[in-house]
Amino acid sequence: MDLQTTETVKGGGEEEERGRKRRPEEEEDKEETSSSRKQVDHSVKVASHYNRLQEVGLAARSQSRIFFMRNFNNWLKSVLIGEILEQVRGAGSRQVSVLDLGCGKGGDLLKWRRGGINHLVCADIAGVSVEQCQSRYEEMKRKSHINEKIFSAQFITADCSKEVLSEKLDDPKLMFDICSCQFVYHYSFESEQKANVMLRNACERLKPGGYFIGTTPDAFELVKRLEASDALAFGNEVFKVSFQSKGSYPMFGCQYHFSLEDVVDVPEFLVYFPLLEHMAKRYNMRLVLKQRFSEFAEEKVKKEHHRSLMMKMMALEPFPCEDGGRPATDTKGEYSHAKEHCGSTGVKLPLGTLSRSEWEATSIYLVFVFQKMS
Ligand code: SAM
């Protein structure tokens, strides 16, 4: 589920440029064929989906129907990362090392730069994304001020739900202060084995006191909405979630399809959180925080510096719409909550909001923080 990254799907045609021998669709076909013999392994589908996504420029991004929602999710990650870095520094860590598990195209590189970390390991199953992440990092370094020390970095293409990352580290003794897994962990809940390997990668190299942080869909919320629907799907003008059945939900491999705006369907799996919490105990991890996006945002926005970052990142849509501007959607009812709020509080000043559809999409998610006990 790609709610945050600034990417959109374009058709084929780029493969030749990248010198790839086989088109992603062919990889999928190959996978489907073998599925008649064994269970489908969705990793190939997920990797080719993300490999096909293209970066788009700021101008195109600002035209997106979900521009503000993406910014909102990005703001939320910035707050989470910033607060965890504060904790790590408060505990006396001087050389901060981070593992970005499922880094994508490097959407969080600037957050790590702002946080002044020393070393970053970026890993992702999608090779094209890892290449773009690395180029972005190198450009960032090239353009940085002479006096700014940018963190060192390693880039790894690997299926982190199958391969053990510690065997691939340039520094075999490296230990992390933070593992950040943003909008990724749910892909591994395809099977117990995959969820375990992903968790091992997230936790085994954490220093005592280190953090495993992330964002993932809340299985309870997804099931609640599915059960409330007359069909096997629910959604609105920006997203759609569809299941194959309802009433019974296996602990692992409970698949659904998610589609969002111009992002094609991608298979995802329910993460039953109490189970993740239980599994994490194997790595001596204690759950410190689990909050729905709505609760997390409501709490953080009370702090002035988070609020000003929110403005800077344009994480909310101005309401009423600014002079000369157009709302993200003209659909009736998409801003009725904001109108009601103005009416009930008598507020005349411009507010910030998200359209109803965007809010329904982002409010599926939760934030989690685990800490490694010493
Ligand atoms: N974390 C990035 C962010 O927040 O911008 C990217 C999030 S994107 C929604 C999900 C990412 O998870 C994709 O880049 C995808 O390739 C990656 N991913 C999915 N399954 C994976 C796996 N088994 N191993 C490593 N990466 C995986």
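Residues numbered from 1 in each chain as written. Predicted model: local features only at pLDDT ≥ 70, side-chain atom pairs only at ≥ 80, totals over all residues. Heavy atoms only, no water.

### As for the overall build of the protein
Assigned secondary structure in the protein consists of 13 helices and 15 strands. Here the protein holds 374 residues, and the buried ones make up 53% of them. Taking the contacts inside the protein whose residues are at least 6 apart along the sequence as the reference set, 73% of them involve residues at least 24 apart. Summed over all atoms, the accessible surface of the protein reaches about 17,800 Å², with 51% contributed by carbon and sulfur. (Helix = DSSP H or I, 4+ residues; strand = E, 2+ residues; numbered from the N terminus. Buried < 20%, exposed > 50% of the residue type's maximum accessible area, 1.4 Å probe, protein only. Contact = heavy atoms within 4.5 Å. Areas by Shrake-Rupley, 256 points an atom, 1.4 Å probe, with all protein chains shown as cover.)

### Let's talk about the environment of valine 44
Mapped onto the fold, valine 44 is located in helix 2 (residues 43-52). It is 9.0 Å that separates the C-alpha atoms of valine 44 and alanine 126, two residues lying 82 residues apart in sequence.

### Observations concerning the nonpolar core
Membership of the largest hydrophobic core comes to 58 residues, with the highest contact counts inside it found for Phe72, Trp75, Trp112, Phe151, Phe239 and Phe243. No other element matches the twelve residues that helix 4 (residues 67-90) contributes to this core. By size, the runner-up hydrophobic cluster in this structure holds 36 residues, among which are Leu101, Leu165, Leu169 and Ala195. (Core = buried A, V, L, I, M, F, W, Y, C linked by side-chain atoms within 4.5 Å.)

### Some points on the pattern of salt bridges
What the rule picks out here adds up to 22 salt bridges. When the shortest N-O distance is used, the salt bridge between aspartate 218 and arginine 292 registers 3.7 Å. Remark: arginine 292 occurs in strand 12 (residues 285-292) and aspartate 218 occurs in the loop between strand 7 (206-217) and helix 8 (219-228); sequence separation between them is 74 residues. Overall, the relative accessible area of 21% leaves arginine 292 in the partly exposed class. Its salt-bridge partner being glutamate 221, residue arginine 292 comes within 3.2 Å of it at the nearest N-O pair. Here glutamate 221 lies in helix 8 and arginine 292 lies in strand 12, a separation of 71 residues in the sequence. Among the residues examined, glutamate 221 registers a relative accessible area of 8% and is labelled buried. (Salt bridge = Lys/Arg side-chain N within 4 Å of Asp/Glu carboxyl O.)

### Brief notes about the environment of glutamine 154
Position of glutamine 154 relative to the elements: it lies in strand 5 (residues 152-157). Given the relative accessible area of 8%, glutamine 154 is considered buried. C-alpha of glutamine 154 to C-alpha of histidine 119: the two residues are 35 residues apart in sequence and 8.3 Å apart in space. Not counting residues up to four positions away in its chain, the partners in contact with glutamine 154 are His119, Leu120, Val121, Cys122, Lys168, Leu169 and Asp170. A distance of 2.9 Å separates the side chain of glutamine 154 from the backbone nitrogen of aspartate 170, its partner in a polar contact. (Polar contact = N/O pair within 3.5 Å; in protein donor to acceptor, adjacent residues only side chain to side chain.)

### What to know about the packing of aromatic side chains
Considering all chains together, one arrives at 22 aromatic pairs under this definition. Their ring planes at 35° and their centres at 5.5 Å tell us that phenylalanine 293 and tyrosine 365 sit as a pair that is tilted. Taken as a pair, phenylalanine 293 in helix 10 (residues 293-300) and tyrosine 365 in strand 15 (residues 365-372) lie far apart in primary sequence, 72 residues in all. Assigned by exposure class, phenylalanine 293 and tyrosine 365 land together as buried. An aromatic cluster of three or more residues is present, and its members are Tyr185, Phe189, Phe212, Phe252, Phe273, Phe368 and Phe370. (Phe/Tyr/Trp six-rings, centres within 6.5 Å; stacked < 30°, edge-to-face > 60°.)

### Some details on the sheet that holds strand 15
The strand order across the open sheet formed by seven strands is 5-4-3-6-7-15-12, and the pairing between neighbours is mixed. Single-partner strands in this sheet number two, and they are strand 5 and strand 12. In this sheet, neighbouring strand axes are inclined to one another by 15° on average, regardless of whether the strands run parallel or antiparallel. The sheet contact formed by strand 3 (residues 97-101) and strand 4 (residues 119-124) spans five bridges and is parallel. Each bridged residue has a counterpart across the sheet, and for serine 97 the counterpart in strand 4 is histidine 119. Its contacts with the sheet place helix 9 (residues 273-280) against strand 12 and strand 15, and it is angled at close to 15° to strand 15. (Pairing = 2+ DSSP bridges. Axes fitted to C-alpha atoms, helices over the stretch in contact; angles between N-to-C directions.)

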